[in-house]
Each structure stands twice: as structure tokens, then as C-alpha cells.
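Examining the three-dimensional arrangement
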Amino acid sequence: MLDKHLAMEALDAALSTGGDFAEIFAEDRRDQAVALQDSHVERVNSGRLHGAGVRVYDGTSAVYAYTNDFGREGLLKCAKEAASAIRARRQGRTAVQPMEERHFVNRHPIWMKPSEVDTRRKIDVLRAADTAARSAGEEISQVLCAFTDSEQNVLICNSDGLYVADTRVYSRLRCQAVASNGTENQSAGEAPGAARGFDYFLDTIDPALMGLRAGKTAVKMLHAPFCPSGVMPVVIGSGFGGVIFHEACGHSLEATAVASNMSEFCGKLGQQIAAPCVTAIDDGTLPNEWGSENVDDEGMPTNRLVLIENGILKNYMIDRLNGRRMGMAPTGSARRESYAYAPTSRMRNTFIAPGCDDEAEMIATMGDGLYAASMGGGSVNPATGEFNFAVNEGYLIKDGKIVEAHAEKGEDILKAAIAEDEGASYFGEVALVPYDSPISNQKILFYNTLFDENAACHLAFGEAYPECVKGGEAMSKEELKAAGLNDSNTHVDFMVGTADLSIIGTTKDGREIPVFVNGNFAL
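Our subject in this report is the structure included herewith. (Residues numbered from 1 in each chain as written. Predicted model: local features only at pLDDT ≥ 70, side-chain atom pairs only at ≥ 80, totals over all residues. Heavy atoms only, no water.)

Attention now goes to the pairing of strand E1 (residues 21-37). Within a regular strand, the side chains alternate between the two sheet faces. Across the 17 residues that make up E1, a large majority, 13, are buried. Where E1 meets strand E2 (residues 40-58), 17 bridges bridge the pair, whose relative direction is antiparallel. Bridge pairing links Arg29 to Leu49 in E2. Counting the residues that bridge the hairpin from E1 to E2 gives two residues, and of these Asp38 lies at a positive phi of roughly 55°. Note: E1 against strand E5 (residues 140-158), 15 bridges, orientation antiparallel. Directly across from Ala35, in E5, lies its bridge partner Ala146. (Buried < 20%, exposed > 50% of the residue type's maximum accessible area, 1.4 Å probe, protein only. Helix = DSSP H or I, 4+ residues; strand = E, 2+ residues; numbered from the N terminus. Pairing = 2+ DSSP bridges.)

Listed below in C-alpha cells is the structure:
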């Protein structure tokens, strides 16, 4: 996009009025969006961003200018305009160092670039999601699906001699289903995305399954009661801890807020700011994840940054300019909206590391509260730490047991079973059965519980089996209860196994081990 000689000439022009550092960010990005509404292709949009931004530093101040003219005259004009706003008093002139191209191992390989895939194949993906969402029930009144992808080529160089290029590819599929009973509407959506090409929807994401989940959730929400208001304990489903951390703490740990003393975490490095069980990480190196990059938008390699470790604040997310203001080194956390914007510090892939607490135990001991199975977006005021976020799918818990239960068919039977005795509303079994089990592969309904339940993974409410605990068959009811086994006169199984089921096990030391991959044991 930009040869080294022209880059050095433009950087030299940017430093001509006394700036002490200069950089160029060049970008060539192609985007496409395909939308399906009411089972018809509503629009196909394509766009291209092509330009460069020049930034000049004078201590802890900076000036930014941009242009979409990559020619010598256009780029030099942009650099001189940025320089014209600098009136430094230092002696001498900062010299541009010889350009040295940086190389790296690409952590995010792409097998099928979106630009190489016919748009009709993308429409086929949308139709699969649309058809599946509509099959969730007659109450589905509207389905909207969208396929978006982008290919971004960037070149970043600066007066310290940095010269690095990278290609970034992103793909995302969105499906929103609306369920209606004529007087009330409820919606639900799925929107998986990754730093992947079209192959993401061939080997990882099943568009039909995704659409079906969106449709079924919308129908479920239509029949769900309203959540009561008030203060209550909340247990957040595994996989969504990053959502609350993003809003509650993440933005407040970005140097954008910290450097200007607009964060409640200013000056608290090394202090306890969370419970000892909390370790939070921002990782830009995870292969092909949405927030990952090889280098950030200032050319710094991304990394795995531990923000909070065992409740202790360890790091902030820092870009170069705010790092100067804070007296701290940048952490590979710079991001910009496009070449027309200067970068600032932003999160990559932020998550809470696995802990030692058991989710089922947390639910059982939380008393009256809310289980947030799926979460949406939110917002935060970094200065005060006040935040909010949406719960897309939640369940009321009372004394750690089921207090609301719904089913598309046979709901009265389900509720009667749960109400049989006190123990019937608690879990009694979690069974892992591979999708390719001998019984499953028979494709036969035996009408025998012992056979049929072992055709797939299943859960059960009611009585727990004593033989599942060492020495359990010789224990009294009191001893079994003390060992954590549920007691009930009923035991009802319901199947949850699917061909795409994944189960991750967490060891005591926090390591994550795949137990199930694509419906089968991976151990």
C-alpha cells in the first residue's frame, strides 16, 4: 500500500515543526452486508474504505490528520497539515529512523476469504437460518437475518522505524426472530462472529441450528412471566461473565479513562478491587476470535494481559499516547474505528478465568434470585463505575430450586411432576452420553427408559442415584443428603444431547479441558 521511501518522506514532513514522534496508519478495507427479511433478500451492500491517517506527538499532546489520497502529493499534504498544528519549543529535529519491516507468525489463518465466495452462497446461509427460525412455532411472526463480512489490509509505520502490515478478516451472521400472540411481541437473537472467513459457517457454525435457537427462545420469552423488579442475587451462566466484566470493569480499565483520571480504578494497581476468586484477562492472541489481531492499530503485537489476578488489580489496557500520559508502556491495546480516527485503548477478548466454584452449587445456595442464562449489551460510566446490562434469557430461582417451568407441549404434566414433592424441583442427575452411542446409532425408539435415556446426554430432576457416590448404597438418607444427593419420589429425564454439543470441564487449578466436542467424548 505504501512503500518505505514515501513513508519515511511523509513522516519526516510530519516532524518538520518539532514533533517528537509520528506515525502513519494506512487502510484498505472492503465490506459486504446481505440482509434477508420476511424470507426475501432485502439488500446487498458493498463498500470500500481506502485512506491513511497521520499523527504527530508533542509530548503528551497529539495532532491527527487523514486523507484518502495515497499518492505522494496527497500524503505529504496530509503530513504537513498535521505538522502545522505543532509548535514545539525543543531544540533540534527528531530524525526518522530507517524502516525495518516486522514479521510475525499469523495466529489467524483464513481458508475462504469472503471476497472469493459468491454472494449466492451467503444468501443460502441466511435462508437456512431463516427457515429454521420459522420452524420454531406458529407464533413466529417475523425473522430478520444478516450476513456481514470484511477484509481489512493495514500498514502501520512510525518514526521509530516500525513498518508492519497485516490482513484482518471478519465474518458474522445475525438472526433475530420475533414471536407474537397478537397482543404482545417478544424477540430473541443469535449473532456468532469470528476473525474467520466463509469456512466459519461450514465447520463451526450451523446456521440452521442457530436460527432454530433464536426462534425457540423468542417463543419461550413470549410465554414467560415478567421478571419482578428489586434487588436480588444473580448467577450468570458460564460464557457470559465477560459481558458483565466488559461493562462493570473493562472500560474503566482502559487508559482512555484512566489517563484522564475518569476511572474509579485510578491509582489502584496492586490493590484488592474484586473478590479473591476473580481473575480477569484481556487476550488479543486467541486464534481467530473476534477481538484478536496479530498487531494492534499502532503496530504493537497483541498479548494476553492479566488485568485482575485473584482480585488484585495488575494492569490497565494502554495505547501509546495515553501510556505517555500515565508514564507506562503500551500493552498492544490500541484500536481505531478507521483510518479517519486516531487510536485509543480498547478491550480485545475480555473474560473471567475459570474459578473453583460449582455453578450448580451457586444456584442451590443463592436463595431467591435470578439465573442469567444469556446476556445482551449494556453501558457504563467509567468515572463512577455505575453500569447496566440486559438479560436476554433469565430464570427465577427460589431457594435454589425450579420455581418456573414451561414447555411447548405437556406443560401441565411437567408442572405436576415438579410439584410431586420438595425434592422434585431440584436436579438429581447429569448424564453424559456420546451422540454416536450404540443405542443412538440404532435410530430406534425402544419405549424402555433404560435404553432410550442412554441415546443422548440427559438431565433429570428428582431423586439422585446413591450408586453415583462412593459407598452411597450403604449410606442412610441423612448421609446421602450431606453428600449432596437430592431425595425425591420421582426421577424424570429430559434429553439435551445434540450433534454439535460441546462441554468444557474446568480442573481445580483452572485449566479448561474439552470433555465433549461435536457431541462426542474428546477425552
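A few words on the packing of aromatic side chains. The description of two aromatic rings rests on the distance between their centres and on the angle between their planes. Applying the stated criterion to the full structure yields eight aromatic pairs. Relative to Phe201, the ring of Phe147 lies with its centre 5.0 Å away and its plane at 55°, an arrangement referred to as tilted. You can see Phe147 sitting in strand E5 and its partner Phe201 sitting in helix H4 (residues 200-203), a full 54 residues away along the chain. Just as Phe147 is buried, Phe201 falls in that class too. The positively charged end of Lys4 is found above the aromatic ring belonging to Tyr163, 5.5 Å away from the centroid. (Phe/Tyr/Trp six-rings, centres within 6.5 Å; stacked < 30°, edge-to-face > 60°. Lys NZ or Arg CZ within 6 Å of the ring centre and 35° of its normal.)

On to the environment of Gly462. The residue Gly462 is located in strand E20 (residues 458-462) in this model. Residues Gly462 and Ser159 lie 303 residues apart in sequence; the distance between their C-alpha atoms is 68 Å. Among residues more than four places away in sequence, those in contact with Gly462 are Gly423, Ala424, Tyr426, Phe427, Gly428, Asn486, Ser488, Thr490 and His491. (Contact = heavy atoms within 4.5 Å.)

Let us now look at the sheet that holds strand E21 (residues 491-495). Pairing is antiparallel across the open sheet formed by three strands, whose spatial order is E19-E20-E21. If you trace the sheet from one side to the other, it starts and ends with strand E19 (427-431) and E21, each paired once. When the angles between neighbouring strand axes are averaged without regard to direction, this sheet yields 20°. Sheet topology places E20 next to E21; five bridges connect them, and they run antiparallel. Bridge pairing links His458 to Met495 in E21. (Axes fitted to C-alpha atoms, helices over the stretch in contact; angles between N-to-C directions.)

Take the environment of Ala88 next. In this structure, Ala88 sits in the loop between helix H2 (72-84) and strand E4 (100-101). When the C-alpha positions of Ala88 and Val234 are compared, they lie 54 Å apart, and in sequence the two are 146 residues distant. Contacts of Ala88, omitting those with residues within four sequence positions, involve Thr17, Gly18 and Asp58.

With that out of the way, let us pick up the sheet that holds strand E15 (residues 350-352). Read across the open sheet, the four strands follow the order E12-E11-E10-E15; overall the sheet is antiparallel. If you trace the sheet from one side to the other, it starts and ends with strand E12 (312-313) and E15, each paired once. In this structure, strand E11 (residues 304-309) lies alongside E12, joined through two bridges in antiparallel fashion. Paired with Ile308 across the bridge in E12 is Leu313.

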